[in-house]
Amino acid sequence: MSHPTKRILSTIAIAIASVTFGVLISADLGLMPASSAQSAPIQTTQGAVTSVTIPSFADVAARAMPAVVSISTTEIVRGAARRRSFGIDPFEFFFPDPRDPRRRQAPEDDEQRQLSGGSGFIISPDGYILTNNHVVENAAKVEISYGADENGGGGRVVPATIVGRDPATDLALLKIDAQQLPVIPLGDSDRIRRGDWAIAIGSPFRLDNTLTVGVISAKGRSLGISEQTQSFENFIQTDAAINFGNSGGPLLNINGEVIGINTAMRGGLAQGLGFATPVNVARRLLPQLKQGKVVRSFLGMEIREVNHEIREAWNLPPGTTGALVNNVTPGRPAAAAGLQHGDIIIEIDGRPIRSNRELIDYISYLPVGTEVRVTFIRNGARRTVTAKTAERPLDGVVDDEEGASAIEPVRNRLGMAVQDLTPQLRQLYGHDDTIRGVLVTNVRNVSAAGEANILEGDVIMEVQGQRVNNVEEFRRIIESARSGQKIRMYVTTPAGRTRTPFTRYTILTVP
């Protein structure tokens, strides 16, 4: 046998032996990949190996998409109205579009049609459709496109009637003249957990039947979109992509049930921040939406959730939960029942109050005129009063359940200068004669007052529950406070800085 032939045979033998050895080693050590594309082994912290199945969302999409609709609206607006309307859409609130034609100047008497739209979903075979209020608000004409195939073709376009709207929760109910329509079942948004699958369907940028997938990122988010919604904001946060046109579309769980109504997104540099109204909110409001009007009860007070700082400042027992009464509106049920700012509401009708949301939700859904027992703590003592609920005004802006020489300013250890109120200072800063306290004339940025967001022009009315009528009273209380102590102040901001006077509690830590 020639030398080249021997070299070739040797090379082949080595190759065969290498392959055989590799197969044996892989088999023994479990290094070969699993044959299933749906399952993958996961190593847990305890060392046990479990199999996790990655689901397909095709079946969910096939069941849900026939009941998801595209909504087109036409609004007749004048030039000035177009300019005023910019920014009210929750999507624009987060991410205004500089190309939006509503940003352009127009003559006051220039009347034009303004086209916009969003998404919705069918909740009953006879044509009821749920969507966002901001999708159809002020619309002169609403049309629904439904029944399109998965490629966007073959759909029908029909007119729709606005049955009921609720600006406070940004929900609206529409109706089309049709029967035997496909529907999406409503789920239970109270049962969802952070990390559960979330599936959004809608018509972003007019691309019908678009599906995106993510997870539930958080619950109970409040965004402060508007004065109408701020008392009732309780959004589900998701990283499922939500874009312009998704408004009003469904957010689904892995079973294809609606758990939320897509409402807003965060744009700009942020990614994966979408927000949906919980479907249980819609469930509770549907009977009233079908009647054409949502009526809510309220007590007429502004509240703030009790946290660690408030517990310490009010000397409350550890673990105390409830709602701090920040302000009481004169003439409203809370004032008539004797509630005052500084009260800590801990129970309603014997139900423990653990958050603002629980208090607002409980009162809101009671029939108007219902008597409720309010249990609260005042000056360390537990008390109970009875209040009768009233109808919440529709504008929603009621609560957050709801010539003498100037005296030299006194700068204190909190980093702010204060003066006695004089007629000249009242006029200068916009405080009326009903306001009593000391005027803040200067605040150091790096100070206890600066960190508490106290600003020039604010009036401090109370410190630690004690009325302060002049600088001497104020200084005496502050100087008696110990270092590290948390103290509470009752502060009012003049109407010039906000549209209406704003009174609040603020908590400072004494340096």
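Here, the structure is the one placed above.
Residues numbered from 1 in each chain as written. Predicted model: local features only at pLDDT ≥ 70, side-chain atom pairs only at ≥ 80, totals over all residues. Heavy atoms only, no water.

**Regarding the overall build of the protein chain**
Now for step 1: Scanning the protein chain for helices and strands turns up 12 helices and 30 strands.
Now for step 2: Taken across its 511 residues, the protein chain has 45% of its residues classed as buried.
Now for step 3: Taken as a whole, the protein chain presents about 26300 Å² of accessible surface, with 51% of it coming from carbon and sulfur. (Helix = DSSP H or I, 4+ residues; strand = E, 2+ residues; numbered from the N terminus. Buried < 20%, exposed > 50% of the residue type's maximum accessible area, 1.4 Å probe, protein only. Areas by Shrake-Rupley, 256 points an atom, 1.4 Å probe, with all protein chains shown as cover.)

**Some remarks on the sheet that holds strand E10 (residues 197-202)**
Now for step 1: One closed barrel accounts for 6 strands, arranged E10-E11-E12-E15-E14-E13; its pairing is antiparallel. Shown here is a sheet whose adjacent strand axes are inclined to one another by a mean of 45 degrees, direction ignored.
Now for step 2: As paired strands, strand E13 (residues 250-252) and strand E14 (residues 258-265) are joined by 3 bridges and run antiparallel to one another. The residue bridging Leu252 from the neighbouring strand is Val258, located in E14. (Pairing = 2+ DSSP bridges. Axes fitted to C-alpha atoms, helices over the stretch in contact; angles between N-to-C directions.)

**Examining the nonpolar core**
Now for step 1: If you look at the biggest cluster of nonpolar residues, it comprises 42 residues, and the most contacted ones within it are Ile71, Leu130, Ile144, Tyr146, Ile176, Ile184 and Leu252.
Now for step 2: Considering each element in turn, this core owes the most residues, 6 residues, to helix H6 (residues 279-291).
Now for step 3: Ignoring any residue separated from it by four or fewer positions in sequence, one finds Tyr146 in contact with Val69, Gly155, Arg156, Val158, Ile176, Ala178 and Leu181. (Core = buried A, V, L, I, M, F, W, Y, C linked by side-chain atoms within 4.5 Å. Contact = heavy atoms within 4.5 Å.)

**Things to note about the pairing of strand E27 (residues 459-463)**
Now for step 1: Most of E27 is tucked away: 5 of the 5 residues are buried.
Now for step 2: The pairing of strand E26 (residues 438-443) with E27 spans 2 bridges and is classified as antiparallel. Across the sheet, the residue bridging to Leu439 is Val459, located in E27.
Now for step 3: With 4 bridges connecting them, E27 and strand E29 (residues 486-493) associate as antiparallel partners.

**With respect to empty space enclosed by the protein**
Now for step 1: The volume enclosed by the largest cavity comes to roughly 90 Å³.
Now for step 2: Looking at the largest cavity, it is lined by 13 residues, and the ones nearest its centre are Val68, Ser145, Ala148, Asp208 and Asn209.
Now for step 3: At the level of elements, strand E3 (68-78) and strand E6 (141-146) are the ones that each hand at least two residues to the lining of the largest cavity.
Now for step 4: Ranked by residues supplied to the lining of the largest cavity, first place goes to E3 with 3 residues.
Now for step 5: Partitioning the lining of the largest cavity into residue classes produces 6 nonpolar, 6 polar and 1 charged.
Now for step 6: Roughly 80 Å³ of volume is contained in the second largest cavity.
Now for step 7: Lining the second largest cavity are Ala168, Thr169, Asp170, Thr229, Phe232, Glu233, Asn234, Phe235, Thr277, Pro278 and Val281.
Now for step 8: Of the residues contributing to the lining of the second largest cavity, the split by class is 5 nonpolar, 4 polar and 2 charged. (1 Å grid on protein atoms, 1.4 Å probe; cavity = no way out; pocket = protein on both sides within 12 Å on 5 of 7 lines; lining within 4 Å. Points joined across faces, edges and corners; volume = space filled by probe spheres on them. Nonpolar A, V, L, I, M, F, W, Y, C, P; charged D, E, K, R; others polar.)

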